[in-house]
Amino acid sequence: MTKFTRRNFIAASSAAFLSTTLTHRSTAVPSPTSLYAANGDTPEVKGAKLGFVPVTSCCPLIVAKAKGFFAKHGMPNVEVLRQPSWAIIRDKLMLGSGNEGLDGAHLLFPMVHLMATGEISYGRKIPMYILARMNVNGQGISVTNAYKDLKLGLDSSPLKSIFAKKSLSGENVRCAVPYRRVTGDFFMRWWLAHGGIDPDRDVSLIVVPPPQMVANMRGGSMEAFCVVDPWHHRLIKQGIGYSTVTSGELWNNHPEKAFGVRAEFVDKYPKAAKALLAAVLEAQMWCDRPENKPELFEILSQRQWIGIRSEFLRDRLMGKFDYGTGRIVENSPHMIKFWRENASYPYKSHDLWFFIEDMRWGNRPQDFDPQPVINAVNREDLWREAATLIGQAKAIPPSTSRGVEKFFNGLEFDPQNPQAYLNAPKIQ
């Protein structure tokens, strides 16, 4: 297997020329002329088509449109379009906006790599770039109320004998994930495997679009699901199931969604791409400010965005986790974050983790060298430029690696020694 090393870089330290002040419910949109005239970076086009799936990790794209950040950066005609599933977003990204598709989207971050390699795009390699992480944390695993007496948490082992009996009686035991070979798929596998349940033999992992998770559990078609909020909270409030863990308990501050854009758009319109990214970064900062939360809930509840009542959105976005079993955690360190604690920076070490995890589950050969794909897809250079543009040069981390990552099951991932993680057992 190829040996990977951590690549360090010297962060840009030149003084930022832009000072940005975001105020609660501000409606004034500064002219983009003052932002770009000094260096000739006026965007080549004024619009782009961006997609999102209605889960809370999409907040920055919605806010960038609703609060005028795209317009502020010279892109007033950006469309932010709701999509029913990750598969539809993939298909529209394959088409591109010129063929009634999309230029970019809020994506499960491994999808960007899997489209670039053609593995989820029908064999067609679709050049894609990751411009930013949209968030860290935010997912979780919930189960049907049929298992409420078990009060499941990190330990899924009480389900092992129950699932075995169901399988012996001919029942198909289903656990739902939002997409294959992404964080939600891996987290469900981790949780099951930690309890001695083989996710490839003892259950059937099925793909269900996030907005359909609750309805499918109500209909009795699944035992558990892994997805982003607000669907866990809605499940609990409707008395259908309860939460066992949040994904932050499995891996605190894990990478979640990405802002992925077709390489064709970025390469053709580099100034517009930087403007889009700058708007998203400002929106991420806005989303994380406590004083903006009430307005955020109001925006998200509108029909064209997530479109559910604010009470289903509020608690978990504020860090309050009601697990539906009487357990309530206030100010959880595992709440979703959009900007704080380097949530937005697209660390290449996280891209490397994805490829190694993908190998662990047999999805690709262990001699596969992911570094060329990572270097082609991850555009941390553009993130640094956009951060400097909006006066956030100090937010640029000193390394493209976040260092050693630690997981709930005792495993560690060291980007300098990924082989050790690859050799760790899948079933604990």
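Use the structure listed above.
Here's what I pulled together on the structure shown here. (Residues numbered from 1 in each chain as written. Predicted model: local features only at pLDDT ≥ 70, side-chain atom pairs only at ≥ 80, totals over all residues. Heavy atoms only, no water.)

### Here's the deal with helix H7 (residues 183-194)
Residues three or four positions apart in an α-helix share a direction because the helix packs 3.6 residues into each turn. Here H7 spans 16 Å end to end across twelve residues, near enough to the 16 Å set by a 1.5 Å rise per residue. At the exit of H7 stands Gly196, carrying a positive phi of roughly 85 degrees. (Helix = DSSP H or I, 4+ residues; strand = E, 2+ residues; numbered from the N terminus. Expected span 1.5 Å × (residues − 1).)

### Examining unusual backbone geometry
Omega for the peptide link from Asp229 to Pro230 comes to 20 degrees, which places this bond in the cis form. Among the secondary structure elements, Pro230 is positioned in the loop between strand S8 (224-228) and helix H9 (231-237). You will see that Glu341, though not glycine, has its phi angle at about 55 degrees, which is positive. By the secondary structure assignment, Glu341 is in the loop between strand S12 (328-329) and helix H15 (348-360). Taking relative accessible area as the criterion, Glu341 reaches 46% and is therefore assigned partly exposed. (Buried < 20%, exposed > 50% of the residue type's maximum accessible area, 1.4 Å probe, protein only.)

### Quick notes on the environment of Val182
Structurally, the position occupied by Val182 is in the loop between strand S6 (174-177) and H7. Residue classification places Val182 among the buried positions, given a relative accessible area of 0%. Those residues in contact with Val182, other than ones at most four positions away along the chain, are Leu108, Pro110 and Met111. (Contact = heavy atoms within 4.5 Å.)

### Here's the deal with the nonpolar core
Ranked by internal contacts, the top residues of the largest apolar core, which has 135 residues, are Phe70, Met188, Trp190, Phe259, Trp353 and Trp383. For this core, the element with the most residues is helix H12 (residues 270-288), which contributes 13 residues. Among residues more than four places away in sequence, those in contact with Met188 are Ile141, Cys175, Ala176, Val177, Leu205, Ala224, Phe225 and Cys226. (Core = buried A, V, L, I, M, F, W, Y, C linked by side-chain atoms within 4.5 Å.)

### So, the packing of aromatic side chains
With the rule as written, the count across this model stands at 20 aromatic pairs. Aromatic pair Phe52 and Trp305: ring centres 5.9 Å apart, planes at 50 degrees, arrangement tilted. Of the two residues, Phe52 is situated in strand S1 (residues 49-52) and Trp305 in the loop between helix H13 (293-300) and helix H14 (311-317); the sequence distance between them amounts to 253 residues. As far as the burial class goes, Phe52 and Trp305 line up, both buried. For the ring pair Trp190 and Phe407, a centre distance of 5.0 Å and an interplane angle of 55 degrees mean the geometry is tilted. One end of the pair, Trp190, is in helix H7; the other, Phe407, is in the loop between strand S13 (405-406) and strand S14 (412-413), and 217 residues separate them in sequence. An identical accessibility class is assigned to Trp190 and Phe407; each is buried. (Phe/Tyr/Trp six-rings, centres within 6.5 Å; stacked < 30°, edge-to-face > 60°.)

### Remarks on helix H2 (residues 59-66)
Most of H2 is tucked away, with six of its eight residues classed as buried. What H2 keeps buried is the set Cys59, Pro60, Leu61, Ile62, Val63 and Ala64. Trailing H2 by a residue or two, Gly68 shows a phi angle of about 85 degrees, which is positive.

### A word on the side chain of Asn378
Mapped onto the secondary structure, Asn378 falls in the loop between helix H16 (371-377) and helix H17 (380-389). For Asn378, the side chain forms a polar contact with the main-chain oxygen of Pro346, separated by 2.8 Å. Once residues within four sequence positions are removed from consideration, Asn378 is found in contact with Ile130, Pro346, Tyr347, Lys348 and Asp351. (Polar contact = N/O pair within 3.5 Å; in protein donor to acceptor, adjacent residues only side chain to side chain.)

### Concerning the environment of Met128
Within the element layout of this structure, Met128 appears in strand S4 (residues 128-133). Taking the C-alpha atoms as reference points, Met128 and Leu389, separated by 261 residues in sequence, lie 23 Å from one another. Met128 has contacts with Leu93, Leu107, Val112, Met115, Gly260, Val261, Arg262, Ala263, Ala376 and Val377, leaving out every residue within four places of it along the chain.

### Comments concerning the pairing of strand S7 (residues 204-207)
In summary, the side chains of a regular strand alternate between the two faces of the sheet. Examined bridge by bridge, S6 and S7 share four bridges and lie parallel to one another. From the neighbouring strand, Ala176 faces S7, where its bridge partner is Ile206. Taken together, S6, H7 and S7 form a β-α-β motif whose crossover is right-handed. (Pairing = 2+ DSSP bridges. Right-handed = clockwise from strand over helix to strand, strands pointing away.)

### With respect to the sheet that holds strand S5 (residues 139-144)
Across the sheet, which stays open at both edges, the five strands sit in the order S7-S6-S8-S5-S9 with mixed pairing between neighbours. Two strands lie at the open edges of the sheet, namely S7 and strand S9 (241-246), each paired on one side alone. Shown here is a sheet whose adjacent strand axes are inclined to one another by a mean of 25 degrees, direction ignored. Of the strands in this sheet, S5, S6, S7, S8 and S9 touch H7, which is tilted by about 55 degrees from S5. (Axes fitted to C-alpha atoms, helices over the stretch in contact; angles between N-to-C directions.)

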